[in-house]
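# Residue-level structure breakdown
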Amino acid sequence: MNAPFHIDAAGLRAAFERDGYSVHNAVLAASEVDSLRQAIDAIPLGQKVRRKKGVYGIRNLLEICSAVAALSTHEKVRSFATSVLGEHAFAVRAIFFDKVPDANWSLFWHQDNVIAVKRRLEEPGFVGWSQKSGVWQVQPPAEILARMVAVRVHLDDCGATNGPLRVLPGSHRFGWLDDQINEWKSRIKQVTCEVSCGGIVTMCPLVLHASGASTSVGHRRVIHIEYADDDLPNGLEWNSKLSPVAP
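Residues numbered from 1 in each chain as written. Predicted model: local features only at pLDDT ≥ 70, side-chain atom pairs only at ≥ 80, totals over all residues. Heavy atoms only, no water.

### What to know about the sheet that holds strand 7 (residues 127-132)
The strands that make up a sheet pair up through hydrogen bonds in the backbone, lying either parallel or antiparallel. Put simply, the rule reads: Strand pairing is assigned whenever DSSP detects at least two bridges linking the two strands. Numbering of helices and strands starts at the N terminus; helices are DSSP runs of H or I of at least 4 residues and strands are runs of E of at least 2. For helices, the fitted line uses only the C-alpha atoms of the stretch in contact; every axis is such a line through C-alpha atoms, and the angle between N-to-C directions lies from 0 to 180 degrees.
One open sheet accounts for three strands, arranged 6-8-7; its pairing is antiparallel. In the strand order of this sheet, the two ends are held by strand 6 (115-117) and strand 7, each with one partner. With direction set aside, neighbouring strand axes in the sheet form an average angle of 35°. Across four bridges, the pairing between strand 7 and strand 8 (residues 135-139) is antiparallel. Counted as the bridge partner of K132 is V135 from strand 8.

### Description of the packing of helix 1 (residues 9-19) against helix 5 (residues 75-85)
Stated precisely, the cut-off is as follows: When describing relative orientation, an angle under 35 degrees is termed roughly parallel and one over 145 degrees roughly antiparallel, while 65 to 115 degrees is termed roughly perpendicular and anything else oblique. The handedness criterion is simple: a crossing whose near helix is rotated anticlockwise from the far helix by less than a right angle is left-handed, and one whose near helix is rotated clockwise is right-handed. Contacts: residue pairs with any heavy atoms within 4.5 Å of one another.
With their axes 8 Å apart at the nearest point, helix 1 and helix 5 run at an angle of 70° to one another. Comparing the axis directions of helix 1 and helix 5 gives the class roughly perpendicular. Read as a crossing pair, helix 1 and helix 5 show a hand that is right-handed. Within the contact between the two elements, helix 1 uses A9, L12, R13 and F16 and helix 5 uses F80, S83 and V84.

### Examining the pairing of strand 14 (residues 222-228)
What counts here: Type-normalised accessible area, obtained with a 1.4 Å probe on protein chains alone, sets the label of each residue: buried when under 20%, exposed when over 50%, and partly exposed for intermediate values.
For strand 14, the buried fraction is high: seven of the seven residues fall into the buried class. The pairing of strand 4 (residues 90-97) with strand 14 spans seven bridges and is antiparallel. Bridging across to strand 14, F90 finds its partner in A228. Pairing of strand 9 (residues 149-154) with strand 14, which is carried by six bridges, proceeds in the antiparallel orientation. The residue bridging R152 from the neighbouring strand is H224, located in strand 14.

### A short note on the pattern of salt bridges
Stated precisely, the cut-off is as follows: The salt bridge criterion pairs a side-chain nitrogen of Lys or Arg with a carboxyl oxygen of Asp or Glu, the two atoms within 4 Å.
In total, this model carries 11 salt bridges according to the counting rule given. Ionic pairing is found between K241 and D231, a salt bridge with its closest N-O pair at 2.5 Å. Within this pair, whereas K241 is found in the segment after strand 14, its partner D231 is found in the segment after strand 14, the two being separated by 10 residues in sequence. Taking the relative accessible area as the measure of exposure, K241 reaches 47% and is therefore partly exposed. On the basis of relative accessibility, which here comes to 48%, the residue D231 falls in the partly exposed class. One connected set of salt bridges, linked through shared partners, spans R37, D156 and R221.

### Considering the nonpolar core
Rules: Nonpolar core, defined: a set of buried Ala, Val, Leu, Ile, Met, Phe, Trp, Tyr and Cys residues in which side-chain atoms within 4.5 Å join the residues together.
If you look at the biggest cluster of nonpolar residues, it comprises 50 residues, and the most contacted ones within it are L61, V77, I115, V153, I223 and W238. Beyond its immediate chain neighbours, meaning those up to four positions away, V153 contacts L28, L71, V77, G199, I200, R221, V222 and I223. In this structure, C158, L165, V195 and M203 belong to the second largest nonpolar core, which totals 10 residues.

### Comments concerning the side chain of R78
Looking at the secondary structure, you find R78 in helix 5. When its relative accessible area of 5% is taken as the criterion, R78 is described as buried. Beyond its immediate chain neighbours, meaning those up to four positions away, R78 contacts S72, T73, E87, H88, A89, Y227 and P244.

### A few points about helix 1
To keep it simple, the criterion reads: By construction, the arc corresponds to the directions joining the helix axis to the C-beta atoms.
Among all positions in helix 1, only L12, A15, F16 and D19 are buried. In an axial view of helix 1, the angular spread of the buried residues amounts to 100°, which keeps them on one side of the axis. On its buried face, helix 1 sits against strand 1 (21-24), helix 5, strand 9 and strand 12 (200-203). Positive backbone phi, approximately 85°, marks G20, located one or two places after helix 1.

### Topic: the sheet that holds strand 11 (residues 191-193)
Pairing within the open sheet is antiparallel, and its four strands lie in the order 5-13-10-11. Two strands bound the open sheet, and with one partner strand each, they are strand 5 (107-110) and strand 11. Mean inter-strand twist for the sheet, computed between neighbouring axes without regard to direction, equals 25°. Sheet analysis places strand 5 next to strand 13 (residues 209-211), joined by two bridges and oriented antiparallel. Along strand 13, the bridge assignment pairs H110 with H209.

Structure, rendered in structure tokens:
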């Protein structure tokens, strides 16, 4: 992480609390982006990697890619989480996804609704248990996701033609909105999060968001890192819990 970067922590926190997302260009240098691309390309095939002609989805990146684990704890990236959550924020999950012509997709309006945990342990308010790539996933109470930040590191330019993230600002502040999505769509103007290569988009998992299929021929590679700031209740544990090693 060689390129200098400084964020206005108070401004980012205020904007995030109001809107549920933020967009930041020119965070990583071209050399840093290239190193991350190479690290992703070097991950061997396995159940955690979904491929067509190119890699388009990888789960459990904190566990299987040391470069992404290091990225999640580096101050230049982690500061986007600590600005909102405080200095005790830690990374709990990372995934990679891409949009290319032979592995293209779109997502309807939704809220992210699951977390990754070490083991299944029945607890009131935690529902919809499943396993993906060998890791337990569960939907927690909304207030846990409300206290999380996703930091999306872009390894390519993400403009209007390659399926950028779209959000409905402010929708993260009202818990689960399953039965209110159409009402939010009708009265809140959506925002398209265009960002340059090396830029970062932050979002609260609960903000209503969507993305269209890419209509361009290039990649749209994103490393999506999720942060929390507190342990789970009554013996439940995050599958990963990464923070900087104290000197």
